[in-house]
Amino acid sequence: MLLAVLCWCILSGSIPAEIGQLVLLQEISLHSNSLTGSIPTGIGQLAQLRIITFVFNMLSGELPKELGQLGQLRYLSLFRNNLDGTLPEEIGLMSQLQIFHLSGNMISGSIPSTIGQVEKLIDMNLYDNVSAICCPAVPNHSSHAIVTPYSSCFTLHYLCVNT
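Read on for a plain summary of the structure. None of these values were measured; they are calculated from a predicted model. (Residues numbered from 1 in each chain as written. Predicted model: local features only at pLDDT ≥ 70, side-chain atom pairs only at ≥ 80, totals over all residues. Heavy atoms only, no water.)

### A word on the overall build of the protein chain
How we decide: Only DSSP runs of H or I reaching four residues or more are called helices, and only runs of E reaching two or more are called strands; each is numbered from the N terminus. Between buried and exposed lies partly exposed: a residue is buried under 20% and exposed over 50% of the maximum accessible area for its type, with that area taken using a 1.4 Å probe on protein chains only. Contacts: residue pairs with any heavy atoms within 4.5 Å of one another. In this description, accessible areas are obtained by the Shrake-Rupley approach with a 1.4 Å probe, and a residue is regarded as covered only by the protein chains that are shown.
Looking only at helices and strands, one finds zero helices and 14 strands in the protein chain. N-terminal to C-terminal, the α/β element order of the protein chain is β-β-β-β-β-β-β-β-β-β-β-β-β-β. Split into buried and exposed, the 163 residues of the protein chain put 45% on the buried side. In the protein chain, once contacts between residues fewer than 6 apart in sequence are set aside, the share between residues at least 24 apart is 55%. For the protein chain, the computed accessible surface area is about 7,900 Å², with 56% contributed by carbon and sulfur atoms.

Following this line, the structure appears as structure tokens:
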């Protein structure tokens, strides 16, 4: 197992685009540093990646749609950054994702209905974003409006989208 764990190291600057060349990497934990800039799109080339922890940094920009290429990813924790924009539809391609934490950013818009394809999702926390994050709309506005898009997420125990 190849790990890159550099937490509380007073790192600054951006995550280099060359990170996509570390194709055997299974875990990358860079939390509690002073990293800035966006998450490089090359991260989508890390097919073996199972854990991403970039919490308590100053990362900005939108989540790259290339995250959807991470079919082995189980844990994605990006809370307390300056990430903005909407959640990419490709999030639904992360079939092994179990934990998804994105609270404390500036994400807005709707949760893509493709999240319902992530059948192993246990915990999704989108709390404390600057704008309200909405659950996908269901055409008939029934009482199942919040349940229907997640009907395949049999293991989902925790969903928090409050602001």
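### Regarding the packing of aromatic side chains
What counts here: Two rings from Phe, Tyr or Trp (for Trp, the six-membered ring) form a pair when their centres are within 6.5 Å of each other. A pair whose planes differ by under 30 degrees is stacked, one over 60 is edge-to-face, and the rest are tilted.
Within the structure shown, the criterion is met by one aromatic pair. With centroids separated by 5.4 Å and ring planes inclined at 80 degrees, the aromatic side chains of phenylalanine 56 and phenylalanine 79 adopt a geometry described as edge-to-face. With phenylalanine 56 in the loop between strand S5 (51-53) and strand S6 (60-61) and phenylalanine 79 in the loop between strand S7 (75-77) and strand S8 (82-85), this pair connects stretches of sequence that are 23 residues apart.

### So, the pairing of strand S3 (residues 25-29)
What counts, and what does not: When DSSP locates at least two bridges between a pair of strands, those strands are taken to pair.
Counting buried positions over the five residues of S3 gives five, a clear majority of the element. Where strand S1 (residues 2-5) meets S3, four bridges bridge the pair, whose relative direction is parallel. Each residue of the ladder has a partner; that of valine 5, found in S3, is serine 29. Strand direction decides the pairing type here: S3 and S5, joined by three bridges, are parallel. Across the sheet, the residue bridging to serine 29 is threonine 53, located in S5.

### A few points about the layout of surface pockets
Short version of the rule: Any residue with an atom within 4 Å of a point lines the site, the site being either a cavity, points on a 1 Å grid over the protein atoms alone where a 1.4 Å probe fits but cannot get out, or a pocket, an open set with protein on both sides within 12 Å along at least 5 of 7 lines. Grid points are joined across faces, edges and corners, and a volume is the space filled by probe spheres set on the points. When residue character is reported, Ala, Val, Leu, Ile, Met, Phe, Trp, Tyr, Cys and Pro are called nonpolar, Asp, Glu, Lys and Arg charged, and the others, Gly included, polar.
For the largest pocket, the calculated volume is near 170 Å³. Every residue along the wall of the largest pocket is listed here: Ala4, Leu6, Leu11, Ser14, Ile15, Pro16, Glu18, Ile19, Leu22, Ile28, Leu30 and Leu35. Per-class residue counts for the lining of the largest pocket are ten nonpolar, one polar and one charged.

### A few points about the environment of serine 110
Locating serine 110 in the fold gives a position in strand S11 (residues 109-110). Judged by its relative accessible area of 40%, serine 110 is partly exposed. Distance from serine 110 to proline 88, taken between C-alpha atoms, is 9.8 Å for residues 22 residues apart in sequence.

### A few points about the pairing of S8
Residues of S8 alternate between two faces, with Leu83 and Gly85 buried on one and Asn82 and Asp84 left unburied on the opposite face. As paired elements, S8 and strand S10 (residues 106-107) share two bridges and run parallel to each other. Directly across from glycine 85, in S10, lies its bridge partner isoleucine 107.

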